[in-house]
Amino acid sequence: MSRVMIHPASYENCREAVDRTFQLFPLEIAGKKVLVKPNVLRSSEPQEGITTHPAVLRAVVEKVEALKPASLIVGDNPGMFSYGQNELCFQKSGLMEAAKGYYRNIGNDSLPKDFNPDFMAKVSLSRAVVEADIVISLPKFKTHGLTVITGAIKNSYGFLPGAQKAKLHKAAGGPERFHEMLVEVFRLRVPDLVLVDAVIGMEGNGPASPDLRNIGLILASDNAVALDAVIAAMMGCDPGRLRFLQKAKEMGLGDYELKSIEISGKLIPIPGFKIPPLGGQANVSNPAVQAFIDSRTKLKPQVDPELCTACGTCIDQCAVSALFMDDGRIPVVDADTCITCFCCQEMCPEKAISLR
Ligand code: SF4
Ligand code: SF4
């Protein structure tokens, strides 16, 4: 039986909830490589409630630090709005300071991974994710137009650098397949612990809605499926109606049935919580949303010959060998092979690569 913790917390005092999390879900951190991954959707201020709050990150970092890991990395790959702006996103959201010097740009080094060819034959996963012994995921308690909730499973989408996210969006097509694709990404590296910032949550048309809700909780579990089921129930949504939870259960990743989950704390649905329509049809069929996704998938890296020194870093870095040096000693991209991870852009020491 999976267990989910629901614990009162504020941003002034979230250490107690973090301590309780590590009591209920102990991890052998000493001597291990640890990655802590907040939700950094895009460049935004902490009070906008779009990203994990820095107070929660700081409390987790200090807890992990005290347990003497061999190494600690704090990182994320921002979503479709902020490619190549990793540092800016962390700075504006207050997460850079909260990371206490452990921040790394995990978007600039990645490894290829076989994926479900129904969507894409290969994806590129941040090396920090692949090489971590322990992954701690810190999602935000929010709604999402396509998936209704964005919690534990959806936070793993940020393991993919760059525009692969937009490309997968497009490859998925409709909402049902998008839910299924999310689970395929999640299972590439299932996090060892998930701790949700539900101190201030988001309702309405998330994941970047202005409708914030004071909830005053931190949720945690070592099973993301159970945790997302609890988030859904708190939002007043039947977890069994969410395709990504059905799919995760079919794949043996956990159970969304509330009767199979032990709750440490009190599960109380939030009165009148506003959620997007199930299935996300309204959002997907919105021509502006579709045009935005299309525009992101058409982006390709392009090298400025004035700035490029032909150092070859981008070619070495490309996980799928989509870059090669042409006769003019300038890297060019094979558009058919490129999976638009944009790691090359993040890596270029001369800032010679832009997105066109
Ligand atoms: S990393 Fe930058 S400078 Fe080096 S070859 Fe690639 S584009 Fe040119
Ligand atoms: S060319 Fe650049 S964006 Fe395309 S796959 Fe290679 S590293 Fe990623």
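Since the model is a prediction, treat every value here as computed from it, not as a measurement.

Along its length, the protein chain carries 14 helices and 15 strands. The C-alpha atoms of the protein chain give a radius of gyration of 20 Å, which matches the 21 Å a tight globule of 356 residues would have. Its C-alpha atoms put the protein chain at 65 × 45 × 35 Å along the principal axes. Here the protein chain holds 356 residues, and 50% of them are scored as buried. For the protein chain, contacts bridging at least 24 residues in sequence account for 77% of all contacts bridging at least 6.

Right, let's get into the sheet that holds strand β11 (residues 261-264). If you trace the 7 strands from one edge of the open sheet to the other, you get β3-β2-β6-β9-β10-β1-β11, paired in mixed fashion. Whereas interior strands pair on both sides, the edge strands pair on one side only; in this sheet they are β3 (71-74) and β11. For this sheet, the mean angle separating the axes of adjacent strands, direction not counted, is 20°. In this structure, strand β1 (residues 2-8) lies alongside β11, joined through 4 bridges in parallel fashion. Along β11, the bridge assignment pairs Met 5 with Ser 264. Helix α1 (residues 15-24) rests against β1, β9 (193-202), β10 (212-221) and β11 of the sheet, and its axis sits at about 165° to β1. Packing against the sheet, helix α9 (residues 224-234) makes contact with β1, β9, β10 and β11, and its axis sits at approximately 155° to β10.

Another point: the environment of Ile 153. Mapped onto the secondary structure, Ile 153 falls in helix α6 (residues 152-155). Judged by the 31 C-beta atoms lying within 10 Å of it, Ile 153 falls in the buried class. Sequence separation between Ile 153 and Val 183 is 30 residues, and the spatial gap between their C-alpha atoms is 7.0 Å. With sequence-adjacent residues up to four places away left out, Ile 153 is seen in contact with Leu 182, Val 183, Phe 186, Ala 224, Asp 228, Phe 244 and Ala 248.

Attention shifts here to the domain arrangement of the protein chain. Per the domain assignment, the segments of the protein chain are domain 1 (2-295) and domain 2 (299-355). Facing the 19 residues of domain 1 at the interface are 13 residues of domain 2. Counting only elements with at least two residues in the side of domain 1 that touches domain 2, the list comes to β4 (110-114), β5 (122-126) and α7 (164-172). Looking at side-chain class alone, the side of domain 1 that touches domain 2 contains 7 nonpolar, 9 polar and 3 charged residues.

So, on to the site of ligand 1. The environment of ligand 1 is made up of 13 residues, and the closest members are Cys 308, Cys 311, Thr 313, Cys 314 and Cys 348. A per-class count over the shell around ligand 1 returns 9 nonpolar, 3 polar and 1 charged.

With that out of the way, let us pick up unusual backbone geometry. Trans is the common state for peptide bonds, and a negative phi is the common state for residues other than glycine. With an omega dihedral of 15°, the bond running from Gly 206 to Pro 207 counts as a cis peptide bond. Within the secondary structure, Pro 207 sits in the loop between β9 and β10. In this structure, Lys 68 takes a positive phi of about 55° despite not being glycine. Along the polypeptide, Lys 68 turns up in the loop between α2 (54-66) and β3. In this structure, Lys 351 is a non-glycine residue whose phi angle is positive, near 50°. Its 10 C-beta neighbours within 10 Å are what place Lys 351 among the exposed residues.

The α-helix winds at 3.6 residues per turn, so residues separated by three or four positions along the chain end up facing the same way. With 13 residues, α2 extends 18 Å between its outermost C-alpha atoms, agreeing within 8% with the 18 Å of an ideal straight helix rising 1.5 Å per residue. Three or more residues of α2 are buried, namely Pro 54, Ala 55, Val 56, Leu 57, Arg 58, Ala 59, Val 60, Val 61 and Val 64. Against α1, β2 (33-38), β3, α4 (95-98), β6 (134-138) and β9 lie the buried residues of α2. Remark: Lys 68 follows α2 within two positions and exhibits a positive phi of approximately 55°.

Residues Val 60, Val 196, Ile 218 and Leu 219 are the most contacted members of the largest nonpolar core, which totals 104 residues. Counting residues per element, this core draws most heavily on α9, which supplies 10 residues. A domain split of this core shows at least three residues from each of domain 1 (2-295) and domain 2 (299-355). Excluding anything up to four places from it in sequence, Ile 218 contacts His 7, Ala 9, Cys 14, Ala 17, Leu 195, Val 196, Asp 197, Ala 198 and Val 199.

Attention now goes to the pairing of β9. Taking burial as the measure, the 10 residues of β9 include 10 buried ones, the bulk of the element. Sheet topology note: the β6/β9 ladder contains 2 bridges and is parallel. Looking at the pairing, Ile 136 lines up with Leu 193 of β9. When β9 meets β10, the two strands line up antiparallel, connected through 8 bridges. Looking at β10, one finds that Met 202 is bridged to Leu 212.

What counts as what
- Residues numbered from 1 in each chain as written.
- Chains lettered and ligands numbered in written order.
- Predicted model: local features only at pLDDT ≥ 70, side-chain atom pairs only at ≥ 80, totals over all residues.
- Helix = DSSP H or I, 4+ residues; strand = E, 2+ residues; numbered from the N terminus.
- Rg over C-alpha atoms; globule rule 2.2 N^0.38 Å.
- Buried ≥ 20, exposed ≤ 12 C-beta atoms within 10 Å, placed from the backbone.
- Contact = placed C-beta atoms within 7 Å.
- Pairing = 2+ DSSP bridges.
- Axes fitted to C-alpha atoms, helices over the stretch in contact; angles between N-to-C directions.
- Domains from an automatic or database assignment.
- Nonpolar A, V, L, I, M, F, W, Y, C, P; charged D, E, K, R; others polar.
- Near = placed C-beta within 6 Å.
- Expected span 1.5 Å × (residues − 1).
- Core = buried A, V, L, I, M, F, W, Y, C linked by C-beta atoms within 7 Å.

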